[in-house]
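Working through the structure, step by step
Letter by letter, the chains look like this.
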Amino acid sequence: MSGELSPIDKAKFVAARRAADFVEDGMRVGLGTGSTAAWLVRCLGEMVREEGLRIKGVPTSTRTAELARDVGIDVISLDEAKWLDLTIDGADEFDGDLNLIKGGGGALLQEKIVATASDQMIVIADAGKEVETLGAFPLPIEVIPFGWQTTQALVEETLISMDVLGRSSTLRMNNDRPFMTDEGNHILDLHLKRIGNPRQLALVLNQMPGVVENGLFIDICDIVIVGFGDGRVELRDINKGTVEHDRLDFVETDNLFTDLGD
Ligand code: 5RP
């Protein structure tokens, strides 16, 4: 069955499979959003069903909550969990300091709240997500619908004094309507091309009225697990300063590889 997976899906799967090894019995685990995180949820579901793993999962979106329930994970809210042992999520870009751009799936607000409320955050990604400098991927920011065009104008004006290459922004759409986040907000995608000082930009953006949160995750991620299409994984731990290499076999089970849908 794995022959039907594209190399990029294999890469996402092996990263997710390796990350699942960090999940221990009794843990409260933040569950990310997106296609890579969906593999993780599938892997954890299989461990719950086949190995009797007992965990509580805190999803970062309604999509992930649905999938987690479908695969048999006990889902609770962040307020019920209060604090998490571990969050595992995907990313749109990561750099050498493990700073991230997230929010390609529109879930950056819950993702940042959940990751920040965790002892440890592990990012799982295919190798194409690594960049020297963040910013080629448009930076999502979540904005309140009220006065969003004024907020957009203010953001673009503020970008003039920031260390970025591009300054245009677009309202994210869902067909012919503005995309709505799980919190009922809109997303502006900032086409910055290159972000020279992500830490400063993150702080400045979050000071603007109308901006709820931005997709820059600075000093939040502890470990990145990079997957490759041939089964190799590379594990980088920013706190320990270590890089480990591993190789995973594709163990195919019907449940894991059928109709992922994300
Ligand atoms: C969702 C996210 C995702 O983690 C990010 O977009 C990566 O998604 P994928 O694993 O599908 O490439 O931040 O808001």
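Residues numbered from 1 in each chain as written. Predicted model: local features only at pLDDT ≥ 70, side-chain atom pairs only at ≥ 80, totals over all residues. Heavy atoms only, no water.

With that settled, consider the overall build of the protein. Along its length, the protein carries 8 helices and 17 strands. The C-alpha atoms of the protein give a radius of gyration of 18 Å, which matches the 18 Å a tight globule of 262 residues would have. The C-alpha extent of the protein, read off along each of the three principal axes, is 55 × 35 × 35 Å. Excluding contacts between residues fewer than 6 apart, the proportion of contacts in the protein whose partners are at least 24 apart in sequence is 73%. For the protein, the exposed area adds up to about 11,900 Å²; of that, 47% sits on carbon and sulfur atoms. With 25 positive and 45 negative side-chain charges, the protein shows a separation of 1 Å between the mean positions of the two kinds. (Helix = DSSP H or I, 4+ residues; strand = E, 2+ residues; numbered from the N terminus. Rg over C-alpha atoms; globule rule 2.2 N^0.38 Å. Contact = heavy atoms within 4.5 Å. Areas by Shrake-Rupley, 256 points an atom, 1.4 Å probe, with all protein chains shown as cover. Lys, Arg positive; Asp, Glu negative; His and termini not counted. Charge placed at Lys NZ, Arg CZ, Asp CG, Glu CD.)

Moving on to helix H6 (residues 148-159). Between its terminal C-alpha atoms H6 stretches 16 Å, which fits the 16 Å expected from 12 residues at 1.5 Å a residue. Of the positions making up H6, those classed as buried are Trp148, Thr151, Gln152, Val155 and Leu159. Mapping the buried residues of H6 onto a view down its axis gives an arc of 100°, with all of them on the same face. Facing away from the buried side of H6, by more than 90 degrees, are the exposed residues Gln149, Thr150 and Glu157. Next to the buried residues of H6 lie strand E8 (139-143), strand E9 (168-171), strand E12 (186-191), helix H7 (198-206) and strand E13 (211-214). (Expected span 1.5 Å × (residues − 1). Buried < 20%, exposed > 50% of the residue type's maximum accessible area, 1.4 Å probe, protein only. Arc of directions from axis to C-beta.)

So, about the site of the ligand. Taken together, the neighbourhood of the ligand is formed by 17 residues, with Ser35, Thr36, Asp92, Gly103 and Lys129 sitting nearest. The separation between an oxygen atom of the ligand and a polar side-chain atom of Lys102 is 2.8 Å. Interatomic distance of 3.1 Å between a side-chain N/O atom of Glu111 and an oxygen atom of the ligand. When the ligand is considered free in solution it has 380 Å² of accessible area, and contact with the protein chains removes 90% of it. Split into classes, the residues belonging to the shell around the ligand amount to 2 nonpolar, 9 polar and 6 charged. (Near = heavy atom within 4 Å. Polar contact = N/O pair within 3.5 Å; in protein donor to acceptor, adjacent residues only side chain to side chain. Nonpolar A, V, L, I, M, F, W, Y, C, P; charged D, E, K, R; others polar.)

Glancing now at the sheet that holds strand E5 (residues 93-94). Reading across the sheet, the 3 strands line up as E5-E6-E14 and stay open at both edges, with antiparallel pairing between neighbours. Where the open sheet ends on each side, the last strands, each with one partner, are E5 and strand E14 (216-217). One ladder, built from 2 bridges, connects E5 with strand E6 (residues 100-101); its direction is antiparallel. The residue of E6 that forms the bridge with Glu93 is Ile101. (Pairing = 2+ DSSP bridges.)

This part is about the sheet that holds E13. A sheet is described by the order of its strands in space; here 4 strands give the open sequence E9-E12-E8-E13, paired in antiparallel fashion. In the strand order of this sheet, the two ends are held by E9 and E13, each with one partner. Across the sheet, the mean angle separating the axes of adjacent strands is 30° when strand polarity is ignored. As judged from the 3 bridges shared by E8 and E13, these two strands associate in the antiparallel manner. Of the residues in E13, the one forming a bridge with Val143 is Val211. In this fold H6 packs onto E8, E9, E12 and E13, with an angle of close to 160° to the strand it touches most, E9. Taken strand by strand, H7 contacts E8, E12 and E13, and its axis lies near 160° from that of E13. (Axes fitted to C-alpha atoms, helices over the stretch in contact; angles between N-to-C directions.)

This part takes up the environment of Pro59. On the secondary structure map, Pro59 appears in strand E2 (residues 56-59). Taking C-alpha positions, Pro59 is 9.6 Å from Val41, a pair spaced 18 residues apart along the chain.

What follows covers helix H1 (residues 7-20). Helix length check: H1 (14 residues) gives 20 Å between terminal C-alpha atoms against 20 Å at 1.5 Å per residue, within 8%. Among the 14 residues of H1, 10 are classified as buried, and the element is accordingly described as predominantly covered. Those residues of H1 lying buried are Lys10, Ala11, Lys12, Phe13, Val14, Ala15, Ala16, Arg18, Ala19 and Ala20.

Another point: the domain arrangement of the protein. Each assigned domain of the protein is listed with its residue range as follows: domain 1 (2-131 + 219-257) and domain 2 (139-212). One C-alpha centre belongs to domain 1, the other to domain 2, and the line joining them spans 26 Å. Each partner contributes residues to the interface: domain 1 has 12 residues there, and domain 2 has 13 residues. Here domain 1 and domain 2 share an interface that buries about 990 Å² over both sides, 52% of which is from carbon and sulfur atoms. Counting across the domain 1 and domain 2 interface gives 1 salt bridge. (Domains from an automatic or database assignment. Buried area = accessible area lost by both parts, 1.4 Å probe. Salt bridge = Lys/Arg side-chain N within 4 Å of Asp/Glu carboxyl O.)

Applying the stated criterion across every chain yields a total of 15 salt bridges. The closest approach of N and O atoms between Asp246 and Arg18, which form a salt bridge, is 3.2 Å. Linking Asp246 in strand E17 (residues 242-247) with Arg18 in helix H1, this pair joins segments that are 228 residues apart in sequence. Taking the relative accessible area as the measure of exposure, Asp246 reaches 35% and is therefore partly exposed.

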